[in-house]
Amino acid sequence: MALACTKFNYWADLPDINDRGDDEVVSANDGIEVLFNANFHQEPNVHIEILTGDGIYFRFEDKDTTGFTVKLYDADGVAVVGTFEWHAYGV
């Protein structure tokens with residue numbers, strides 16, 4: 001009797017990647033594009049903490065494995081300027 005392999009399953013455990021930085025939105029209408037310092041293999045989770053300005057929430061315009069574009073907004077939904085810290089986590 002011969003043994004035949006017809007299918008292989010393989011898994012890889014990639015190391016976790018943490019990347020951090022800070023930046024400033026100087027044009028409320030354009031937001032700011034941030035490029036990651038690390039190389040992610042999948043789109044990471046990104047947390048933002050607004051530090052200065054009238055912004056109380058943010059919205060990503062674009063986000064992928066290389067970076068993101070973000071805008072800050074005040075309570076009335078008006079785009080504003082300000083500084084923020086960011087933390088990206090993924091693989």
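Residues numbered from 1 in each chain as written. Predicted model: local features only at pLDDT ≥ 70, side-chain atom pairs only at ≥ 80, totals over all residues. Heavy atoms only, no water.

S.K.: Is there a simple way to think about the nonpolar core in this case?
M.R.: Side chains of nonpolar character tend, in soluble globular proteins, to be buried together. Core analysis: the biggest nonpolar cluster contains 15 residues, and F36, V46, I48, F68, F84 and W86 have the highest contact counts within it. Where this core is concerned, the elements lending two or more residues are β1 (17-25), β2 (32-35), β3 (45-50), β5 (67-73) and β7 (82-90). In this view, F36 contacts D19, P44, V46, D64, T65, T66, G67, F68, W86 and A88; residues no more than four positions away in its chain are not counted. (Core = buried A, V, L, I, M, F, W, Y, C linked by side-chain atoms within 4.5 Å. Buried < 20%, exposed > 50% of the residue type's maximum accessible area, 1.4 Å probe, protein only. Helix = DSSP H or I, 4+ residues; strand = E, 2+ residues; numbered from the N terminus. Contact = heavy atoms within 4.5 Å.)

S.K.: Any chance you could explain the sheet that holds β1 here in plain terms?
M.R.: Strand-to-strand pairing in sheets goes through backbone hydrogen bonds, with the strands running parallel or antiparallel. The three strands lie next to each other as β1-β7-β3, forming an open sheet whose pairing is antiparallel. Edge positions in the open sheet fall to β1 and β3, since each of these has one partner strand only. Each strand axis lies, on average, 20 degrees off the axis of its neighbour in the sheet, ignoring direction. Of the strand pairs in this sheet, β1 and β7 are connected by nine bridges, and their pairing is antiparallel. Bridge assignment links G21 to a residue of β7, and that residue is W86. (Pairing = 2+ DSSP bridges. Axes fitted to C-alpha atoms, helices over the stretch in contact; angles between N-to-C directions.)

S.K.: It is not clear to me how the packing of aromatic side chains should be interpreted in this structure. Could you clarify?
M.R.: Here the distance between the centres and the angle between the planes together describe a pair of aromatic rings. For the structure shown, the criterion picks out seven aromatic pairs. Note on F36 and F68: the rings are 5.8 Å apart at their centroids and 50 degrees apart in plane angle, and the pair reads as tilted. Residue F36 is located in the loop between β2 and β3, and its partner F68 is located in strand β5; the two are separated by 32 residues in the primary sequence. Taken individually, F36 and F68 each receive the classification buried, so the pair is uniform in this respect. (Phe/Tyr/Trp six-rings, centres within 6.5 Å; stacked < 30°, edge-to-face > 60°.)

Note that all results are geometric; they support no functional claim without further evidence.
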